[in-house]
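# Structural description and commentary
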Amino acid sequence: MSVLLVVRQDVYVGDSTFAAVTKKAFPPAGIDRMLSLPTLQWKIWAADPERRQTCGFYLFADRSEAEKYAHQAVRTLQEREGIFNVTTQIWSINEEKTRLTKGPIDLPMIQDLP
């Protein structure tokens, strides 16, 4: 059963800008690592510059892999300059209702895509 992992963090801007801090905190190399996460089906990136927050929504096919990544994400993100108050939450997907509303849950693992 698929699960949705939500990773949210606050961004400290200081004398910089939200865009500059988040660009440095989330370099392209992180995307390459994500593409090899076991059972990850997709990730959606979100940001709210006014509230100085960023968020990632991850669909995993396996809860234990989502839990492993959640623990790792909290540890590594809190070490990045400008990132603090990292929180995670894992939600079970109601697959029947999600399919009725055409939610994208029946997808291959991201590492299996071209």
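Now for a look at the structure at hand. Note that this is a predicted model, so its numbers are computed, not measured. (Residues numbered from 1 in each chain as written. Predicted model: local features only at pLDDT ≥ 70, side-chain atom pairs only at ≥ 80, totals over all residues. Heavy atoms only, no water.)

### Points about the nonpolar core
Note the following rule: In this text, buried Ala, Val, Leu, Ile, Met, Phe, Trp, Tyr and Cys residues form a nonpolar core when linked through side-chain atoms within 4.5 Å. Throughout this description, buried means an accessible area under 20% of the type-specific maximum (1.4 Å probe, protein chains only), exposed means over 50%, and partly exposed covers the range between. Numbering of helices and strands runs from the N terminus; a helix is a DSSP stretch of H or I covering at least four residues, while a strand is a stretch of E covering at least two. Any two residues whose heavy atoms approach within 4.5 Å at even a single point are treated as in contact.
Formed by 22 residues in total, the largest nonpolar core has its most connected members in Leu-5, Val-7, Tyr-58, Phe-60, Tyr-69, Leu-77 and Ile-83. No other element matches the five residues that helix α3 (residues 63-77) contributes to this core. Setting aside chain neighbours within four positions, we find Tyr-58 in contact with Val-3, Leu-4, Leu-5, Val-7, Met-34, Leu-40, Trp-42, Lys-43 and Tyr-69. Of all hydrophobic cores here, the second largest spans seven residues; its members include Leu-4, Trp-42, Cys-55 and Ile-93.

### What to know about the sheet that holds strand β2 (residues 40-48)
Our working rule: When DSSP finds two or more bridges between a pair of strands, those strands are recorded as paired. Angles here are taken between N-to-C directions and fall from 0 to 180 degrees, while the axes themselves are lines fitted to C-alpha atoms, restricted in helices to the stretch in contact.
Across the sheet, which stays open at both edges, the four strands sit in the order β2-β3-β1-β4 with antiparallel pairing between neighbours. A single partner strand is all that each edge strand has here, and the edge strands are β2 and β4 (83-92). Each strand axis lies, on average, 15° off the axis of its neighbour in the sheet, ignoring direction. Looking at chain direction, strand β1 (residues 3-11) and strand β3 (residues 53-60) are connected through eight bridges and run antiparallel. Within β3, the residue paired with Leu-5 across the bridge is Tyr-58.

### A few points about α3
Put simply, the rule is: Given a helix with a known number of residues, its expected span is that number minus one, times 1.5 Å. In this description, the arc belongs to the directions extending from the helix axis to the C-beta atoms.
Between its terminal C-alpha atoms α3 stretches 20 Å, which fits the 21 Å expected from 15 residues at 1.5 Å a residue. Among all positions of α3, only Glu-65, Ala-66, Tyr-69, Ala-70, Ala-73 and Leu-77 are buried. Each buried residue of α3 sits inside an arc of 140° when the element is viewed along its axis, so together they form one side. In α3, the exposed positions that point more than 90 degrees away from the buried face belong to Lys-68, His-71 and Arg-75. In the core, the buried residues of α3 are packed alongside β1, α2 (28-34), β3 and β4.

### Observations regarding the pairing of β2
Pairing between β2 and β3: eight bridges, direction antiparallel. Among the inter-strand pairings, Trp-45 is bridged to a residue of β3, identified as Gly-56. From the end of β2 to the start of β3, which pair antiparallel, there are four residues, and Arg-52 there has a positive phi angle of about 55°.

### Concerning the environment of Gln-78
Tracing the chain through its elements places Gln-78 in the loop between α3 and β4. For Gln-78, a relative accessible area of 43% gives the class partly exposed. Put simply, Gln-78 and Gln-9 are 69 residues apart on the chain and 8.7 Å apart in space, counted from C-alpha to C-alpha.

These figures come from the coordinates and say nothing about function on their own.
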